[in-house]
Amino acid sequence: MSRLLFALLLSAPLSLLAAEPADFAPVAELLVGSTPQTAGLKLDLPSVSEDGSAVAVGIRFDGQLAEGDRLASLHLFATENPKPELITFRLLSEQTLPDFNTRIRLNESQQVIAVAISEQGHSWISAKDVRVTISGCLVRDPDAEVITGMQNPRIALPRRIKAGEPVELRTLINHPMETGLREAADGSLIPQNLIQNLQLTIDEQPALEVQFANGTAANPYVRLLVQGQGKELGFRWQDQQGAEVVEKRQLPL
């Protein structure tokens, strides 16, 4: 890409963005009856991404919760994707910390919006503009290996766990995450083919559900933190066809 073209992309306005993140229709629907706070939710995204097919994103909540309240979910949206939903994290246990990293697809330059919701209905919001030079929803590397289902789940655990410190878990599973928007060579649309969710259990108790969507990048990756006691971790991926991949890991002592 020439320096002139790159400079023009940086200077071009991000059109059609919601005037306020909370006014974007899917976000407004999620927030109905709640006025979101703007402090306490951190969204980590690059200002410029040359490849929209796998944009790294971090989302972390460090806001103040009312006594007896706890965070229930974190949501990511993209204002100019054909389908705005990117990914949702549902926290099912206090052992799961609201601190995640993943990779998303962005169709074009646009605004990414993060929303946090507590069990008592309180909310927080954060947004960031991202400039994209190559669409991430319609283009796929023609030399990429053809994968149609879930394959090769990978789980990375720390070698040692320090008492009182959170444990970092990293997961990845091979899958094309076809959006249903990409054309085959004959011009027909390739059918949608998504992993729908990843469920985490700690000692067989629900701890986290990650709900994937069209905006989740191929080969879904999730980094998360857990804390407290627990010996056995269970990971279950489920796709649209009802297929499952299950893995179990023992936490190191």
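Further up the page is the structure itself.
Presented here is an overview of the structure given in this document. Note that this is a predicted model, so its numbers are computed, not measured.

For the chain, the helix and strand inventory stands at two helices and 15 strands. Relative to its 253 residues, the chain shows a buried fraction of 47%. The contacts of the chain with a sequence gap of at least 6 include a subset with a gap of at least 24, amounting to 67%.

Here the focus is the pairing of strand E3 (residues 55-61). Side-chain positions along a regular strand alternate between the two faces of the sheet. Most of E3 is tucked away, with five of its seven residues classed as buried. Sheet topology places strand E1 (residues 41-44) next to E3; four bridges connect them, and they run antiparallel. Paired with Leu43 across the strands is Ile59, a residue of E3. Two elements, E3 and strand E6 (residues 99-104), share six bridges in a ladder whose sense is antiparallel. When the sheet's bridge partners are listed, Arg60 is paired in E6 with Asp99.

What follows covers the sheet that holds strand E9 (residues 151-156). A sheet is described by the order of its strands in space; here six strands give the open sequence E1-E3-E6-E13-E10-E9, paired in antiparallel fashion. In this open sheet, the two strands that pair with only one neighbour each are E1 and E9. Looking at each pair of strands side by side, their axes are set apart by 15° on average, direction ignored.

So, on to unusual backbone geometry. Even without being a glycine, Met177 presents a positive backbone phi close to 50°. Residue position: Met177 is located in the loop between strand E10 (167-174) and strand E11 (195-202). For Asn219, which is not glycine, the phi torsion reads 55° and is therefore positive. Position of Asn219 relative to the elements: it lies in the loop between strand E12 (205-212) and strand E13 (221-226). Overall, the relative accessible area of 27% leaves Asn219 in the partly exposed class.

Attention now moves to the packing of aromatic side chains. One pass over the full model with this rule turns up three aromatic pairs. Between the aromatic rings of Phe89 and Phe100, the centroid separation amounts to 4.2 Å while the plane-to-plane angle is 10°, which identifies the pairing as stacked. Taken together, the residues span a long stretch of sequence, with Phe89 in strand E5 (residues 85-91) and Phe100 in strand E6 at a distance of 11 residues. Seen in terms of ring centroids, Phe235 and Trp237 are 6.3 Å apart; in terms of plane orientation they differ by 20°. Their pairing is stacked. Since its relative accessible area comes to 2%, Phe235 is described here as buried.

Another point: empty space enclosed by the protein. Gaps left between atoms are located by rolling a probe of water-molecule size over the structure's atoms. As enumerated under the stated definition, the model contains one cavity of 30 Å³ or more in all. For the largest cavity, the calculated volume is near 30 Å³. Around the largest cavity, the lining residues are Gln95, Ile202, Val226, Gly228, Gln229, Gly230, Leu233 and Leu251. The class makeup of the residues in the lining of the largest cavity is four nonpolar, four polar and no charged.

Rules used in this analysis
- Residues numbered from 1 in each chain as written.
- Predicted model: local features only at pLDDT ≥ 70, side-chain atom pairs only at ≥ 80, totals over all residues.
- Heavy atoms only, no water.
- Helix = DSSP H or I, 4+ residues; strand = E, 2+ residues; numbered from the N terminus.
- Buried < 20%, exposed > 50% of the residue type's maximum accessible area, 1.4 Å probe, protein only.
- Contact = heavy atoms within 4.5 Å.
- Pairing = 2+ DSSP bridges.
- Axes fitted to C-alpha atoms, helices over the stretch in contact; angles between N-to-C directions.
- Phe/Tyr/Trp six-rings, centres within 6.5 Å; stacked < 30°, edge-to-face > 60°.
- 1 Å grid on protein atoms, 1.4 Å probe; cavity = no way out; pocket = protein on both sides within 12 Å on 5 of 7 lines; lining within 4 Å.
- Points joined across faces, edges and corners; volume = space filled by probe spheres on them.
- Nonpolar A, V, L, I, M, F, W, Y, C, P; charged D, E, K, R; others polar.

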